[in-house]
Amino acid sequence: KTIAEICKTLSDASLDANTEVVIGCPAIYLMYVRNLLPCSIGVAGQNAYKVAKGAFTGEISPAMLKDIGADWVILGHSERRAIFNESDDLIAEKAEHALAEGLKVIACIGETLEERESGKTNEVVAR
């Protein structure tokens, strides 16, 4: 219900043509969202794997995202870094593959609270 309400609000809104609007949602709702929104509003997967196919149970490839109408993917979420130990190198591989497959990438970068409090923000963001 909430997803439908958000999509209706965006669909009915007078959006600035110079602003790209993208909705990121959990994978099981991507096709639903794509079907509710005009093509002028992008849809983003919240993650994608670094290769096109193989025995990677539960992972979503950029090709799969494209198949259901997503044109974006969000990579590098802080919780994926913290909980799943995703490294900068892995995120770079994911981004490289997603771009090669024709998806646009929203790359999440940022420091942990501990890094911020110790004055390492610029170092983390540059990395």
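Refer to the preceding data block for the structure.
Residues numbered from 1 in each chain as written. Predicted model: local features only at pLDDT ≥ 70, side-chain atom pairs only at ≥ 80, totals over all residues. Heavy atoms only, no water.

A look at the side chain of Arg34
Next up, step 1: Structurally, Arg34 is set in helix α2 (residues 30-36).
Next up, step 2: Among buried Asp, Glu, Lys and Arg side chains, Arg34 stands out as unpaired, with Asp71 the closest opposite charge at 4.4 Å.
Next up, step 3: Setting aside its immediate chain neighbours within four residues, Arg34 contacts Cys39, Ile41, Gly42, Val43, Ile68, Gly69 and Asp71. (Helix = DSSP H or I, 4+ residues; strand = E, 2+ residues; numbered from the N terminus. Buried < 20%, exposed > 50% of the residue type's maximum accessible area, 1.4 Å probe, protein only. Lys, Arg positive; Asp, Glu negative; His and termini not counted. Salt bridge = Lys/Arg side-chain N within 4 Å of Asp/Glu carboxyl O. Contact = heavy atoms within 4.5 Å.)

Points about the environment of Leu65
Next up, step 1: Position of Leu65 relative to the elements: it lies in helix α3 (residues 62-67).
Next up, step 2: For the pair formed by Leu65 and Leu30, sequence separation is 35 residues and the distance between their alpha carbons is 8.3 Å.
Next up, step 3: Excluding residues within four positions of it along the chain, Leu65 makes contact with Leu30, Gly45, Asn47, Ala48, Ile60, Ala70, Trp72, Val73 and Leu103.

What about the environment of Gly102?
Next up, step 1: Within the secondary structure, Gly102 sits in the loop between α5 (88-100) and β4 (104-107).
Next up, step 2: Taking the relative accessible area as the measure of exposure, Gly102 reaches 52% and is therefore exposed.

Points about α5
Next up, step 1: In this model, α5 (13 residues) spans 18 Å end to end at C-alpha, consistent with the 18 Å of a helix rising 1.5 Å per residue.
Next up, step 2: Turning to α5, its buried residues number three or more, namely Ile91, Lys94, Ala95, His97 and Ala98. The buried side chains of α5 occupy one side of the element, clustering within an arc of 165° when seen end-on. In α5, the exposed residues that point more than 90 degrees away from the buried face are Asp89, Glu96, Leu99 and Ala100. (Expected span 1.5 Å × (residues − 1). Arc of directions from axis to C-beta.)

Focus on the pairing of strand β3 (residues 72-75)
Next up, step 1: Going residue by residue along β3, you find Trp72 and Ile74 tucked away on one face and Val73 and Leu75 tucked away on the opposite face as well.
Next up, step 2: Note that strand β2 (residues 42-45) and β3 share two bridges and pair parallel. Opposite Ala44, over in β3, you have Trp72 as the bridge partner.
Next up, step 3: Assessed by its sense of winding, the connection that carries the chain from β2 through α3 to β3 is right-handed.
Next up, step 4: Bridge count between β3 and β4: four bridges; the pairing is parallel. Within the sheet, the bridge partner assigned to Trp72 lies in β4 and is Lys104. (Pairing = 2+ DSSP bridges. Right-handed = clockwise from strand over helix to strand, strands pointing away.)

Things to note about the pairing of β2
Next up, step 1: Of the two faces of β2, the one holding Gly42 and Ala44 and the one holding Val43 and Gly45 are both buried throughout.
Next up, step 2: Of the strand pairs in this sheet, strand β1 (residues 22-24) and β2 are connected by three bridges, and their pairing is parallel. In the sheet register, Gly24 faces β2, and the bridge partner there is Ala44.
Next up, step 3: Handedness of the β1-α2-β2 crossover: right-handed.

Focus: the sheet that holds β1
Next up, step 1: Taken in spatial order, the four strands of this open sheet run β1-β2-β3-β4, and their pairing is parallel. Whereas interior strands pair on both sides, the edge strands pair on one side only; in this sheet they are β1 and β4. On average, each strand axis in the sheet is inclined to that of its neighbour by 30°, with strand direction left out of account.
Next up, step 2: Taken strand by strand, α5 contacts β3 and β4, and its axis lies near 175° from that of β3. (Axes fitted to C-alpha atoms, helices over the stretch in contact; angles between N-to-C directions.)

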